[in-house]
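One-letter residues, chain by chain:
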Amino acid sequence: MKNLCKASILVILTLMYFVSCTGKKNSSSSVKNTELKIGTSQEFETLNPLIMTMSQTTYMYHMTGRKLVHMDPDTKWYPQLAKEIPTIENGKAKFITVGGKKKIIAEWEILENAKWGDGVPVTCHDFAMARTIALSPNVSIADKESYDMIEKIDIDSKNPKKCSFTYKKARWDFNRHGTFYPVPKHLEDEPFKKFNAQKEGYEKNSTYSKAPTNPGLYNGPYLISEIKLSDHVTFIPNPHFYGEKPKIQKVIIKLIPNTAALEANLRSGTVDMISTLGLSFDQAVEFDKKINAEKLPYLVTFTKGITYEHIDFNLDHPFFKDGRVRRAMIQALDRESLTKSLFEGKQESAIHFVSPKDPWFTRDEKYVIGAKFSKRDAEKLLAEAGWKKGEDGYLYKDNKKFSVNFGTTAGNKIRELVQVYLQDQWKQVGIEVNIKNEPARVFFGETTKKRKFDLAMYAWVSSPENIPRSTFHSTSIPSTKNGYSGQNQPGWNNPKVDKLIEDLEIEFDSKKRTDLAWELQKVYTEEAPVIPLYYRSDVSAVPPNLKNYRPSGHQFHETGKIEEWTLE
């Protein structure tokens, strides 16, 4: 018996040593499905799905909210709140002609057991409510087109779970409602009616702003039980969720703005995993090496994505009105060296807004214009535009120095490294760039939203075969007139681009759609409204006992299937 006790003590001490060394002494993920703490470097700007623009907010929304349809990690569309996706082929949708215009009418039916977190059924009235709010000129909506494409919603008087959507145009992607978010009419009708007459009145006074932990706001597998701004958000299972019951009993999103501190927090057990909105790519590569060398109990995932890191020009800035200047600033950058030095070549430098994972991507030089690095060509273009170097080595024109501000999200290590790298390369051709960063909440909620920048670096997250109306069409330029709706932050206004987008929406022939997409890439690279940087891979660090976790690599986050995650 003594020998057995000694052996047991030895085993216990060994386990204690291992737990201490790996920094998981207090990790709650060791207890099956009790709690999962997720570290992130991004804040959220609002919990209202109609208004949200930040990736972190959509990451959380997919935990708490469901839509008619969603895209899985294999880029396949599937129904969520809807019983099935209506198509022309299955007879749930059909072409109609009204006043000589070809349209589509589709029948949608919501799952019978779909409810909000307070037990009130989810009905077509909630989608109609969302559309009414979204189309208000006084409400700032990022993707207004998702709601405006629907001409009307007719609700079955006998069964509010059934309704027909009449679409203004016969669009080939009419049923891909990935960003059409419902809101609970029983909670949002009153604040909307009361404050809609005021600019941004609804945003400030919606239930999402005034009572964000109200369970009736959410219809997904989780509810929000606690919010501590700049620190954490806590999620608990929704007892009224219609689908598979979530396995993990508590999920905490922990904000750690400094990406360099995320690894330390993971090792100490402050968080159990780091989301795809946490570590920078270079950190993930180095951490993966440490895991192998130190035999740490984590896995680093690398998922090639459709996320496009870029820099917006503010096209209203007098320096950037000249296309030669914009092209020169792109050609002055050695983006290949950038990705090799910072990412060991594991993230690809970007040539335009379409990712290599997308069927619409092309490298054909017939469509990709002037993207190659050449300092000499950059200096030539700047000279043609009237810029001359002064004695201090910087460019001047009409007694004005070429000096601009360059902003991004503060605390993001990789972005800050990229900024310094680009700042030096622009200096070599005579351009002074002043780095001025802001917290994500301010940068996205105010600066980029209201176009108060010279140069702004961030990422666009989309999905395959995404029509870029919200980012390129002239009607999507945020302004006071449209309540700062839309995501065309550069302010790109090109009638040809508008026409290509409009034609792309109604083209049912796949080959012809690809041709239109390629033509759009040509205009984009010719006019250079944006500086392409690189296509990001999604990276995360997770405990090996987290099962059924699959990063998506596109805008519809893996949290869309969080109810399937389990800690074993």
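Please read all numbers here as calculations on a predicted model, not as lab measurements.

Hey, could you go over the overall build of the protein for me, with residue numbers and the actual values?
Check the secondary structure of the protein and you find 17 helices and 22 strands. The C-alpha radius of gyration computed for the protein amounts to 25 Å, which stays within 12% of the reference 24 Å derived for 568 residues, consistent with globular compactness. Its C-alpha atoms put the protein at 90 × 65 × 45 Å along the principal axes. Across the 568 residues in the protein, those meeting the buried criterion constitute 58%. Taking the intrachain contacts of the protein between residues at least 6 apart in sequence as the baseline, contacts between residues at least 24 apart amount to 69%.

Summarise the sheet that holds strand β14 (residues 388-389); cite the residues concerned and give the values.
Taken together, the three strands give an open sheet; going across it, the order is β14-β15-β16, and neighbouring strands pair in antiparallel fashion. Two strands close off the open sheet at either side, each with one partner strand: β14 and β16 (400-401). Pairing geometry for β14 and strand β15 (residues 395-397), over two bridges, is antiparallel. Within the sheet, the bridge partner assigned to K388 lies in β15 and is Y396.

Give a description of the environment of E564 that names residues and reports values.
With respect to the element layout, E564 can be found in the loop between β21 (546-547) and β22 (566-567). The exposure class assigned to E564 is partly exposed, which follows from its relative accessible area of 27%. If sequence neighbours within four positions are ignored, E564 has contacts with E244, K247, K547 and N548.

An account of the pattern of salt bridges is needed here, citing residue identities and associated values.
Taken as a whole, this structure holds 42 salt bridges when the rule is applied. D503 is the salt-bridge partner of K499, the closest N and O atoms lying 2.8 Å from each other. Here K499 and its partner D503 are both found in helix α16 (residues 495-506), four residues apart, which amounts to about one turn of the helix. By relative accessible area, K499 is classed as partly exposed at 46%. In this structure D503 comes out as partly exposed when scored by relative accessible area, which is 25%. Three or more residues joined by partner-sharing salt bridges are found here, namely E145, K169, R171, D173, R469 and E505.

Pulling in residues and values, what's your account of the pairing of strand β7 (residues 162-167)?
Along β7, five of the six residues are buried, which leaves the element largely enclosed by surrounding structure. Pairing of strand β5 (residues 101-109) with β7, which is carried by six bridges, proceeds in the antiparallel orientation. Looking across to β7, one finds that A106 is bridged to F165. Inspection of the sheet shows strand β6 (residues 150-155) paired to β7 by five bridges, in the antiparallel sense. Bridge pairing in β7 links I155 to C163.

Hey, could you go over the state of the cysteines for me, with residue numbers and the actual values?
Disulfide: a covalent bond formed between the sulfur atoms of two cysteine residues. In the structure shown here, the tally under the stated rule is one disulfide. One disulfide bridge connects C124 with C163, the sulfur atoms lying 2.3 Å from each other. Between C124 and C163 the disulfide shows an S-S torsion of about -75°. By sign, it is left-handed. In this pair, C124 sits in helix α3 (residues 124-134) while C163 sits in strand β7, placing the two residues 39 residues apart along the sequence. Taken as a pair, C124 and C163 share a single burial class, namely buried.

Explain the confidence of the model for the protein to me, and be specific about the residues and the numbers.
In low-pLDDT regions, the fine details of the predicted coordinates are not to be read closely. For the protein, mean pLDDT is 91; residues scoring 70 or higher make up 95% of the total. Low pLDDT, under 50, characterises residues 1-30; the predicted model gives this stretch 24 contacts beyond four residues in sequence or across chains.

Rules used in this analysis
- Residues numbered from 1 in each chain as written.
- Predicted model: local features only at pLDDT ≥ 70, side-chain atom pairs only at ≥ 80, totals over all residues.
- Heavy atoms only, no water.
- Helix = DSSP H or I, 4+ residues; strand = E, 2+ residues; numbered from the N terminus.
- Rg over C-alpha atoms; globule rule 2.2 N^0.38 Å.
- Buried < 20%, exposed > 50% of the residue type's maximum accessible area, 1.4 Å probe, protein only.
- Contact = heavy atoms within 4.5 Å.
- Pairing = 2+ DSSP bridges.
- Salt bridge = Lys/Arg side-chain N within 4 Å of Asp/Glu carboxyl O.
- Disulfide = S-S within 2.5 Å.
- pLDDT = per-residue confidence, 0-100.

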